[in-house]
Amino acid sequence: MRIGLAGVGRIGAFHAKTLAALDFVDELVVTDADLGAAKTVADELGAEIAPDTEALLASGVDGFVIAAATPAHAPLLRQGIAAGVPTFCEKPVASTLEETIELAGLVASSGVPVHVGFQRRFDAGYRRARAAVESGELGFVHTIRAGTHDQAPPHASYIPVSGGIFRDCNVHDFDILRFVSGREVASVYATGANKGADFFSAAGDVDTAGALLTLDDGTIVLISSTRYNGAGHDVRMEVHGEKGTIAVGLDHSLAMRSAEEGVDFPRGPQKWSFMERFLPAYQAELTAFAEVARGERTSPCTVRDALEAFRIAEACERSRAERRPVALSEIEGI
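Calculation notes
- Residues numbered from 1 in each chain as written.
- Predicted model: local features only at pLDDT ≥ 70, side-chain atom pairs only at ≥ 80, totals over all residues.
- Heavy atoms only, no water.
- UniProt positions renumbered as here; feature names shortened; annotations may be inferred.
- Core = buried A, V, L, I, M, F, W, Y, C linked by side-chain atoms within 4.5 Å.
- Buried < 20%, exposed > 50% of the residue type's maximum accessible area, 1.4 Å probe, protein only.
- Contact = heavy atoms within 4.5 Å.
- Patch = residues over 30% accessible without salt bridge, like charges linked within 9 Å, V, L, I, M, F, W, Y side chains within 5 Å.
- Areas by Shrake-Rupley, 256 points an atom, 1.4 Å probe, with all protein chains shown as cover.
- Salt bridge = Lys/Arg side-chain N within 4 Å of Asp/Glu carboxyl O.
- Helix = DSSP H or I, 4+ residues; strand = E, 2+ residues; numbered from the N terminus.
- Expected span 1.5 Å × (residues − 1).
- Pairing = 2+ DSSP bridges.

As annotated in an unreviewed UniProt entry, the protein chain is Oxidoreductase from Planotetraspora thailandica. Quoted verbatim from the Sequence similarities (unreviewed entry) field of UniProt, the annotation for the protein chain is "Belongs to the Gfo/Idh/MocA family."

This brings us to the nonpolar core. Counting residues in each nonpolar core, the largest one holds 80 residues, and the members touching the most others are Phe166, Phe174, Val180, Val188, Leu213, Met237 and Val239. Not counting residues within four places of it along the chain, the set of residues in contact with phenylalanine 174 comprises Phe166, Leu213, Ile223, Ala309, Ile312, Ala313 and Cys316.

The next subject is a nonpolar patch on the surface. A contiguous nonpolar surface patch, about 310 Å² in accessible area, is contributed by Tyr189, Leu212, Ile220 and Leu222. Structurally, leucine 212 can be placed in strand β9 (residues 208-215). For leucine 212, a relative accessible area of 40% puts it in the partly exposed group.

This part is about helix α11 (residues 279-293). With 15 residues, α11 ought to run about 21 Å at 1.5 Å a step, and its terminal C-alpha atoms sit 21 Å apart, in line with that. Those residues of α11 lying buried are Ala281, Tyr282, Glu285, Leu286, Ala288, Phe289, Ala290, Val292 and Ala293. The inward-facing, buried residues of α11 contact α1 (10-21), β4 (63-66), β5 (87-90), β6 (114-117) and α10 (274-277). Just downstream of α11, glycine 295 is the residue with a positive phi angle, here 80°.

Looking now at the pairing of strand β11 (residues 234-241). Among the 8 residues in β11, 7 count as buried, and that is most of the element. As paired elements, β11 and strand β12 (residues 245-248) share 4 bridges and run antiparallel to each other. Of the residues in β12, the one forming a bridge with valine 239 is isoleucine 246. In this antiparallel pair of consecutive strands, β11 and β12, the connection spans 3 residues.

So this is what it looks like as structure tokens:
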């Protein structure tokens, strides 16, 4: 297949390397607003370079991968749809709820396959947890705990355009919560605080957050996130049920240590970034996109799915700002 990629920043360069190593990619074409950066990646991987997105989409690509900065996602997604090219878009598909709703309608009316990049859906642990819930192995589920704890904060320049910790960070937890539980969120109560760098407060954001969610069947969900988890990159989920409990991310890379004597778990080494933590999931995700582009399967994560995760994040941000519980029915949807 001939795959085009727009954006060669941190995640874009990572996706380019991943794509170049996958068997189904015969030709890779890259572009970026910074053509010098695109040339560096193209030279390293033996890829082609396109002067802009229009040229890339006109070059006969079988699939289009969007990995540019967040503000570029929506315009690039519109270009991919207009060109009729199956498109993979990193989350979020847009910076605002209103534009996400608009894009969900556009994708539905266009018939162009679009796959949104929530890679945890392809992680073996989360898929095992989903199967345990679906099969009834755990009995009824009463409590879920989920968290995303970054080892270190991103660059200060990223925070003002990130959308805030719930939309940028916990949105992955919200998506995988829907995937694993098979349920929808009914209400949220969220809070946050700053103990780190001043640039979070300056952007109206927080560096640590928590939320209590209630699902539509009464299941209680506890969500946490932080930009300062010095022990390592820590992403986990616990699903507690009537007959059993299953945990995702509970292995020897766990970014914590026991206070109990004689316990040698976890033995390490820890993981230090989301790219390291989820490399196999990213590979599986892009392989699935190839199947979508070839018409062999429907999108495993649609713009409608992305919208529902965004609505939960929006509710959490509103709850934090207004210091009150927020029902999901208050957040616009389709």
